[in-house]
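# Architecture and fold: a report
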Amino acid sequence: VVFARAEIARVAELRACFAVPLVRSGAAVAVVIFYSGARIAHDDALEETILLLANEILSDACTRMSYAALQFVRQGSPAAGRKSQAGVSKVWEAAKAALGSSPAARTAQEVGDVIKFSKRLPFFKYVTTATREALCAHMELLEVERGAAIITGPEDTEFVFFIVVKGRCDMLVQTEAGGRPYAIRVFEEGDTLAHSYIRLLTGGCPTVAGDFRACEPSLIIRAPVLEQHRGEFRSQTKPLLYEELATYFCMSADEAAERLGVCMSAIKKICRRHGIIRWPHRKLLGAAKALALIEAKAQEQQHDLPAAQLLRSEAINV
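Okay, so let's go over this structure.

Cut-offs and rules
- Residues numbered from 1 in each chain as written.
- Predicted model: local features only at pLDDT ≥ 70, side-chain atom pairs only at ≥ 80, totals over all residues.
- Heavy atoms only, no water.
- Pairing = 2+ DSSP bridges.
- Helix = DSSP H or I, 4+ residues; strand = E, 2+ residues; numbered from the N terminus.
- Axes fitted to C-alpha atoms, helices over the stretch in contact; angles between N-to-C directions.
- Contact = heavy atoms within 4.5 Å.
- Buried < 20%, exposed > 50% of the residue type's maximum accessible area, 1.4 Å probe, protein only.
- Arc of directions from axis to C-beta.
- Core = buried A, V, L, I, M, F, W, Y, C linked by side-chain atoms within 4.5 Å.
- Phe/Tyr/Trp six-rings, centres within 6.5 Å; stacked < 30°, edge-to-face > 60°.

### Topic: the sheet that holds strand 4 (residues 160-166)
- The strand order across the open sheet built from 4 strands is 3-9-4-7, with neighbouring strands paired in antiparallel fashion. Each edge of the open sheet carries a strand with a single partner, namely strand 3 (140-144) and strand 7 (192-194). Neighbour to neighbour, the strand axes of the sheet diverge by 30° on average, direction disregarded.
- Of the pairings in the sheet, the one linking strand 4 to strand 7 comprises 3 bridges and is antiparallel in character. From the neighbouring strand, F162 faces strand 7, where its bridge partner is L193.
- Contacting strand 3, strand 4 and strand 9 (218-224), helix 3 (residues 90-99) runs over the sheet at an angle of about 95° to strand 3.

This is how it looks when you write it as structure tokens:
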């Protein structure tokens, strides 16, 4: 079974974690994560201690592996951003002007300008022409200030998607009332977010509150799906997040395609977009069988410490 990150934490009864990134050339190449079974309030001294511990672990690993000296940092410089979807172009300028008008008063020419721009967005890749036209006729352009919420009311929670055209947005979670919110995912230009992602990325934990906020001044398209198009749209929309796709890894590729209402060619394209060379169902089944066998052996060798340690090493390799 494959769990989203928050689901792993819930199943393992973890209450706190701290991640330290290893940054090279502006990009995070590794992350050391410390977990706790008890809730821990934010503490600068604890943060510094964990950072020192992470660097001790890294220094020892570099020495043993004969690597150049590396170091974890408190905050690395941001990786190079994606190419802006809202660059200086006639297509964007025309779409921006059209999106600035009221959807009720939008002309056919303005809808056509929005449709042209929508062809640049991954969100619309598998949407039929009729559904695309309906979406583009009712989309709105939001100018969101830094720190402002993206989802502002109950009308934004069902079948409403937000497409980041310019800027960046964070998904923040709060594990207890009055606690400090933490960013767990960044949505960059071209990414799509929705209220349903909060449940997906937090494992549906009822004690976790989530929100989306702009981490810099941003331009965001609000795309509501009208009721008459929802059934069709549900089958056309492909997983936009890895975590969504991962929920289907427990079944064969054919079954996943049937559940998603797409053909196998579409499944292969989705996998390539996420860097998945082969559908992992068989590999996961093999890993599950291997772990079950190791667990059975561990039960037999529980009084033999060296044998138990060897079995633990085998389990990590699996």
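Still to come is the rest of the account.
### Digging into helix 10 (residues 264-273)
- When we look at burial in helix 10, the residues that qualify are A266, I267, I270 and C271. Along the axis of helix 10, the buried positions cluster into a sector of 140°, meaning they face one direction only.
- Buried residues along helix 10 sit against helix 8 (242-246) and helix 9 (253-260).
- Directly after helix 10, the chain includes G275, whose backbone phi takes a positive value near 75°.

### Some remarks on the nonpolar core
- By size, the foremost hydrophobic cluster in this structure holds 42 residues, and its most contacted members are F124, M139, I150, L193, F212 and I221.
- Sort the elements by how many residues they give to this core and strand 4 lands first, with 6 residues.
- The contacts of I221, once residues within four sequence positions are left out, are L99, F117, L121, M139, E140, L141, F161, F162, I163 and V165.

### Regarding the packing of aromatic side chains
- Considering all chains together, one arrives at 6 aromatic pairs under this definition.
- Each ring, one from F123 and one from F161, has its centre 5.3 Å from the other, and the planes form 45°; the classification is tilted. Of this pair, F123 sits in the loop between helix 4 (108-118) and helix 5 (129-138) while F161 is found in strand 4, placing the two residues 38 residues apart along the sequence.
- With a relative accessible area of 5%, F123 lands in the buried category.
- A relative accessible area of 12% places F161 in the buried class.
- Here the aromatic residues F123, F124 and F161 are joined through ring pairs into a cluster of three or more.

Bear in mind that shape data such as this cannot, by itself, settle questions of function.
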